[in-house]
Amino acid sequence: MNKPFERRGLATDLAAIVGEGNVSVRQADKIAYSRDMWPKAQIWVHQGDSCRYPPDCIVWPHSVEQVQQLLSFCHERRIPIIPYGAGSGVCGGTIPIRGGVIIDLKALNRVLHIDDRALTVEAESGIIGQHLEMELERRGYTLGHFPSSIYCSTLGGWLAARSAGQYSSKYGKIEDMVSRLEVVLPGGQLFTTPRVPAPLGGVDWNQLFVGSEGCLGVITTSVLKMHPAPIKRSFRGFTFPSVREGTEGIRTVMQAGLTPCLLRLYDPFDSLIAYQSDAAALSADQALQSLIKALTSSGPKSTPKRRATRFGDWQRALKKQAVRMILSRPSMLNMAVERLSERCLMVIGFEGTSEHVDDSDALATGLLAARGARDLGPEPGRHWYEHRYAISYKQSPLYAVGAFVDTMEVASTWDRLLPMYAAVKRAVAPYGFIMAHFSHAYTEGCSIYFTFAACDSDPQALEERYDRLWGAGLRAVVEQSGTISHHHGVGMSKAHFMTNEYGDGVSLFAGLKKMLDPHGIMNPGKLWPDAELIDAGVELAGATRGE
Ligand SMILES: Cc1cc2nc3c(=O)[nH]c(=O)nc-3n(C[C@H](O)[C@H](O)[C@H](O)COP(=O)(O)OP(=O)(O)OC[C@H]3O[C@@H](n4cnc5c(N)ncnc54)[C@H](O)[C@@H]3O)c2cc1C
């Protein structure tokens, strides 16, 4: 049971801070802000539960001072606060499980300063990623951060969830780009990290808040490194005889000191989805190719003619039925995929000066050929570049047939990467269809990005299957000493596995939380489960011990 906080007059009090037009208690807004892009929340909607955790109010502050006043007000009244960027998080990071106030930061969206000498940009947290990149591009620069969600995520969300862009192997993840932060602490104080290119001696204060998922404060402004816009970009595709040889190819390239902007290896089935035009070369059988089309297309377009529409309806119904049938029996499909050719597609790309790109491309081609790769030329890379943001938006048709799709991004060192890949596939196979690609490479190791899909005609059973699938997958990762989150964050979905990964880290985090957020107003239920924090002596606004 939630510990009640005083709700009477809340909207009026908040309006006194941000102005009447910037507070909402409308039901439509409460529904929209009751979840993010966590697929489990999408399953709740299919169960007919479209607003499981409504916030009490949503506010849109327009200045840092207003954010300070909001936090100070909620701190005094013990009201939960949920910082909100664009809600593109996929782990339930913005779900207001204890009600409270959603602070949507999108009105804080200015680029404040571009420093041509230091090569840094200072911007407010609510700016949408693509808008920031467009502004930099206009001035001849790039941030080098291109998550697939760049059109629908914010700078603050990237920082709070430790985001990685598609070009992270060259530019790093968001935590590698940050050089200064301004954070409003839960009592309303403004904390600014020093204005220097690198951390001073002692604790790196930036990294204390990067990845804190709104649990320690609200990031309002940041200074980030930027780069001159590339003059040339080139991509190339290769096939490898197997995942083993392909991952050895990635390791060889990274350890040779090359800095590819893109370096990605698809496992055999993901290779077919990633690059359907080379499907024949990768020898899929006909049935699997049809499945790929069914899984990745949004269905026939309707036409104005009645007969054609009827035919379209019939086709759509048939396709729905086929996808349902296939995804309800994932073991069969997973077994069929195991019989595929083991060949895998790699796409690699370089950007920068002409000379850098040409030299790197030649060197990488030589290294990969020596590892048994077949050069497919620039076409697969061009195909990837043109579709680089498309695949993530193709999931809705699957939800429409009563299925779910989700992704799990984990990482490990080279010695444990393939055992982890095999263990996760084995663990998940009974519950859902699974495929993966390897990306975000380092000299020490690499990330694996698994995609799952499963179906059940009963929405309740679908949720249970979802939980079992995730439980089995994350357990396998922990057993193989991998990390449970490379760049999507922890949110609610992985919170229960944090102790498995960090051991007694919960008591350190609890100490920090008690000091910075003594009434526990900041984003309850995220990073670590409430129960574990409460047991460690943390007060959590809206929560009671022994729930
Ligand atoms: C189609 C799609 C593709 C995606 N591709 C990628 C990808 O390539 N790489 C990647 O890293 N992620 C990806 N994601 C996940 C998601 O976009 C990232 O997690 C992103 O960082 C979230 O940004 P947001 O602004 O939407 O944050 P939100 O979802 O609004 O919030 C995420 C978390 O950050 C906290 N938060 C937000 N703003 C602040 C702030 N200013 N101060 C303090 N806390 C804050 C929230 O409370 C929450 O805990 C994808 C998601 C989708 C839907």
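What you are looking at is a predicted structure, and each value in this text was computed from that prediction instead of being measured.

Draft legend 1. Structural view of the pairing of strand E8 (residues 178–184). Of all seven residues in E8, seven are buried, a share of seventy percent or more. Where E8 and strand E9 (residues 190–192) come together, three bridges link them in antiparallel fashion. Among the inter-strand pairings, Glu 182 is bridged to a residue of E9, identified as Thr 192. Taking the residues between adjacent antiparallel strands as the criterion, E8 and E9 are bridged by five residues, where Gly 188 takes a positive phi near 105 degrees.

Draft legend 2. Local environment of the environment of Leu 533. Within the secondary structure, Leu 533 is located in helix H22 (residues 530–535). Sequence separation of Leu 533 and Gly 520 is 13 residues, and the distance between their C-alpha atoms is 9.8 Å. Not counting residues within four places of it along the chain, the set of residues in contact with Leu 533 comprises Val 506, Phe 509, Ala 510, Trp 528, Val 538 and Leu 540.

Draft legend 3. Examining the sheet that holds strand E14 (residues 344–352) more closely. Spatially, seven strands are ordered E15-E12-E14-E13-E17-E18-E16 in an open sheet, and the strand pairing comes out antiparallel. Lying at the two open borders of the sheet, with one neighbouring strand each, are strand E15 (374–377) and strand E16 (403–413). For this sheet, the mean angle separating the axes of adjacent strands, direction not counted, is 20 degrees. Looking at chain direction, strand E12 (residues 232–240) and E15 are connected through three bridges and run antiparallel. For Thr 239, the partnering residue across the bridge sits in E15 and is Arg 374. Running over the sheet, helix H10 (residues 243–255) touches E12, strand E13 (262–266), E14, strand E17 (433–441) and strand E18 (445–455) and is turned about 165 degrees from E13.

Draft legend 4. Inspection of the pattern of salt bridges at higher detail. Counting across every chain of the model gives 28 salt bridges. Among the ionic pairs, Lys 40 bridges to Glu 463, the shortest N-O distance being 3.9 Å. Of this pair, Lys 40 sits in helix H3 (residues 39–46) while Glu 463 sits in helix H19 (residues 459–479), and the two are 423 residues apart along the sequence. For the residue pair Lys 40 and Glu 463, the accessibility class agrees, reading buried in each case. Notably, a salt bridge pairs Lys 232 with Asp 358, separated by 2.7 Å at the nearest N-O pair. Residue Lys 232 is found in strand E12, and its partner Asp 358 is found in helix H15 (residues 354–370); the two are separated by 126 residues along the sequence.

Draft legend 5. View of the state of the cysteines. Within the structure shown, the criterion is met by zero disulfides. The thiol sulfur of Cys 57 is not disulfide-bonded, and the nearest other cysteine sulfur, from Cys 74, lies at 9.0 Å.

What counts, and where the lines are drawn
- Residues numbered from 1 in each chain as written.
- Predicted model: local features only at pLDDT ≥ 70, side-chain atom pairs only at ≥ 80, totals over all residues.
- Heavy atoms only, no water.
- Buried < 20%, exposed > 50% of the residue type's maximum accessible area, 1.4 Å probe, protein only.
- Helix = DSSP H or I, 4+ residues; strand = E, 2+ residues; numbered from the N terminus.
- Pairing = 2+ DSSP bridges.
- Contact = heavy atoms within 4.5 Å.
- Axes fitted to C-alpha atoms, helices over the stretch in contact; angles between N-to-C directions.
- Salt bridge = Lys/Arg side-chain N within 4 Å of Asp/Glu carboxyl O.
- Disulfide = S-S within 2.5 Å.

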